[in-house]
Structures are given as structure tokens and as C-alpha cells.
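Below are the chains, spelled out letter by letter.
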Amino acid sequence: MFAPIINSLIPLSLCIATGYLMNARKFLSLKTWQQLDKLNYYVLFPALLFLNLATAQMDLAQFSLAITVVLSVLLGVSAAIFIAYVVFKIHSDHIGVYIQSAIRFNTYVGLALVASLFDELGMVLFSLIIALFIPLINVISVISLTLKQGFDMRVLIMNLLKNPLIVACILAMAFNVSPLNLAVGIEQFLRQLASASLPLGLLCIGAALQFRLNAGEFSVIVANSLIRLMGVPLLAYGLCTLVGLDGIDRQIITLFFALPTAPTAYSLTQALGGNHLLMANIISMQTLLAMLSLPVILWLVL
């Protein structure tokens, strides 16, 4: 079983490494990488999410326990960090970074792995988790980043409405429960867009990697990454086992929490005045270490 895991991670790692080397060699300008990332975020990736959810045979009752476990872990981890923020008086510029590094997830890496290792049921469950929890994760992220400013419902709502992934998920789920059918031509069009999303997303992840660590931050960032990449997925695995959830449900949930944090966390942190340089370093460290931790976690669950 270990060979398929490694074979699934090799193309992901090579895509990320290729993006990093292309950027290091100035193959494309920084502005071009930003435009490609924007194209993926606003067009290609929403098309992929819509296609997966709009055409999936979803039964929410079938996945109710799995959804409850994911919700419990997300809220539990967020609550623990908020408590630490109060007890240990974490700087307000850092709390949003730590929250996002613990609960956001790299959907490009996740979908690429699920598509490679699991059947259609695995893709449906993973897509459902994305659809249901991207809005909640964004709400928690915005709240954590605006603590020093006080809670602003207007800022929160605007950030949610401007998120193309949330919009794509809502539209897809609405279409899924409607009596409408996706026209063949439209479906093929979406598939063409979707097919470009994952490789381009992985290249952009590699291009965005940066390591500008000082001695004081290094140990904190490594500890943060290990907790996220090993501690949180093991917590999720244990909770699944405790409530009697096994098989593909436990596998997908554990993989979900083993993913490195999302590169989009950098943009949100910068926009809302958090420590975006610390966020960039954590994103880079988690992405790099995930290529070592994911084989271990996947070997455990598979």
C-alpha cells in the first residue's frame, strides 16, 4: 500500500518543486504568477468545485456522522487556540495566523490526492467537506484576524460574498438539489477548465514558497507545522475511531486534517492587517513538511 501513496505524492511534489524552480529562475515575472493564481482562484478552481458537487450523488444523511466529526475537530482546535490567546496573551497580530495555520487546508493538494487514491465516493465526501466548511473556516479566520479591531459583521459578510469558492459551492449544491440537468456541452466546458486547475494550482504553490526565517521564529513555525500536520490528523483519526467511524469516511477525514494550510491564508492575513510575513513562512514550512508527513498519515489510515 505504501507504493501507491508515494506514487500519488511524487507528481504533487514535482509540480510544487517545478513551480519553485521556475520562480527562482525568473521564468515568469512575479506579476504573471499572481495573475495565474488569480485565474485559478476565480475561474478554474470554482469550475472544478462546481463540477464535483453539481453532478455528485449526495446523501447528507449518509455522511452526517462524518460531517459532525469534522465540525467537532475544527471547533475544538479553534477554541483551544482562542483559549491559548487569552491565557498566554498571544499578540493580536499572531492569533489569526495561528488559527488559519491550524484549520485552513490546501484544497489543490487534497483533491489531487483524493482523485489519485480514492474512488468516486471519496471525492464526493471530500467535495462535500469543502462545500460545507469553507464558509465556516473563513468566518473563523476573519474573526481571528479582526479581534484587535472588534467584530465587524459587515467585513465578515463582504469577505464571504467575495469568496469565489464559497459562491461556487453554494451554486453547485443548489443545482444538485434542483431538477435541472447539466447540459453536455456545459459539462465538457467545465471539465476543460477544471482539468487545468490542479496542476496550475500546484505550480503556483511552489512559486509562492518563501523562507525568510529568523532564529526566534524557526522553532515556533516548526512546532506549529508538526502540530498541524501530525497532531491534528491523529486527533481526527482518534475521534473517528471513538465514535465508530471507519473505512473511507475515516480515511478522508484524517487526510483532510493532514493537509498543509492554504496559500490563500496569506492574502487574507495581509488584507486584514495580520502578520502576513509569519503567515507566508508557515505556509511554506507546512507545504514542505507535508511532503514528508502525508506518506506517514496515509500509510496509517490506508
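Just so we're clear, the structure is a prediction, and the values are computed from it rather than from any experiment.

Asks: Describe the overall build of the protein, and please don't skip the residues or the numbers.
Replies: When you go through the protein residue by residue, the secondary structure sums to 13 helices and zero strands. For 302 residues, the compact-globule formula gives about 19 Å, and the C-alpha radius of gyration of the protein, at 19 Å, lands near that figure. For the C-alpha atoms alone, the extent of the protein along its principal axes is close to 55 × 50 × 45 Å. When each of the 302 residues of the protein is scored for burial, the buried share is 48%. Restricting the contact set of the protein to residue pairs at least 6 apart, pairs at least 24 apart contribute 85%. Accessible surface for the protein amounts to roughly 13,800 Å². Of this, 68% is attributable to carbon and sulfur atoms.

Asks: Any chance you could break down the packing of helix 6 (residues 120–145) against helix 8 (residues 164–177) for me, citing the residues and the numbers?
Replies: One can describe the packing of helix 6 onto helix 8 by two numbers: an axis separation of 9 Å at closest approach and a directional angle of 135°. In terms of their interaxial angle, helix 6 and helix 8 are classed as oblique. Considering the relative orientation of helix 6 and helix 8, their crossing is left-handed. Where helix 6 approaches helix 8, its residues Leu128, Ile130, Ala131, Leu132, Ile134, Pro135 and Asn138 are matched on the opposing element by Leu165, Ile166, Cys169 and Met173. Tallied by class, the residues present in the contact of helix 6 with helix 8 amount to ten nonpolar, one polar and no charged.

Asks: Give me empty space enclosed by the protein: which residues, what numbers.
Replies: Taken as a whole and judged by the stated rule, the model has two cavities of 30 Å³ or more. Taken as a whole, the largest cavity encloses approximately 180 Å³ of empty space. Those elements that provide at least two residues to the lining of the largest cavity are helix 2 (30–54), helix 5 (107–117) and helix 6. When residues of the lining of the largest cavity are assigned to their parent elements, the largest contribution, three residues, is made by helix 6. Within the lining of the largest cavity, the residues separate by chemical class into nine nonpolar, five polar and one charged. For the second largest cavity, the calculated volume is near 30 Å³. In terms of lining residues, the second largest cavity is bounded by Ile205, Ala208, Leu209, Pro263, Ile283 and Ser284. Of all elements in the fold, only helix 9 (184–208) and helix 13 (276–301) reach the threshold of two or more residues within the lining of the second largest cavity. Of the residues contributing to the lining of the second largest cavity, the split by class is five nonpolar, one polar and no charged.

Asks: Break down unusual backbone geometry for me, with residues and values.
Replies: Note: most residues except glycine have negative phi, and most peptide bonds are trans. At Lys26, a residue that is not glycine, the phi angle is positive and equals roughly 60°. For Lys26, the location among the structural elements is in the loop between helix 1 (2–24) and helix 2. Its relative accessible area of 67% is what places Lys26 among the exposed residues.

The rules we used
Residue positions are given per chain, counted from 1 along the sequence in the order it is written. Only residues with pLDDT of at least 70 are given local features in this predicted model, and only at 80 or more are side-chain atom pairs given and counted; all residues enter the totals for whole chains, interfaces and linings. Excluding hydrogens and water, the side-chain values take into account all heavy atoms of the structure. The way it works is that DSSP assigns letters per residue, a run of H or I at least four long becomes a helix, a run of E at least two long becomes a strand, and they are numbered from the N terminus. Throughout, radius of gyration means the C-alpha value; the globule benchmark is 2.2 Å times the number of residues raised to the power 0.38. Classification of residues uses two cut-offs on accessible area relative to the type maximum, computed with a 1.4 Å probe and protein chains only: under 20% is buried, over 50% is exposed, and between them is partly exposed. The contact definition used throughout considers only heavy atoms, calling two residues in contact when any of these lie within 4.5 Å. Here, Shrake-Rupley sampling with a 1.4 Å probe gives the accessible areas, and only protein chains in the shown set may cover a residue. Angles here are taken between N-to-C directions and fall from 0 to 180 degrees, while the axes themselves are lines fitted to C-alpha atoms, restricted in helices to the stretch in contact. Orientation is classified from the angle alone, with under 35 degrees giving roughly parallel, over 145 giving roughly antiparallel, 65 to 115 giving roughly perpendicular, and any other angle giving oblique. Here a crossing is called left-handed whenever its near helix is offset anticlockwise from the far helix by less than a right angle, and right-handed whenever the offset is clockwise. The residue classification treats Ala, Val, Leu, Ile, Met, Phe, Trp, Tyr, Cys and Pro as nonpolar and Asp, Glu, Lys and Arg as charged. All others, Gly included, are polar. Only protein atoms enter the 1 Å grid, on which a cavity is a set of points fitting a 1.4 Å probe that cannot get out and a pocket is an open set with protein on both sides within 12 Å along at least 5 of 7 lines, lining residues being those with an atom within 4 Å of a point. Grid points are joined across faces, edges and corners, and a volume is the space filled by probe spheres set on the points.

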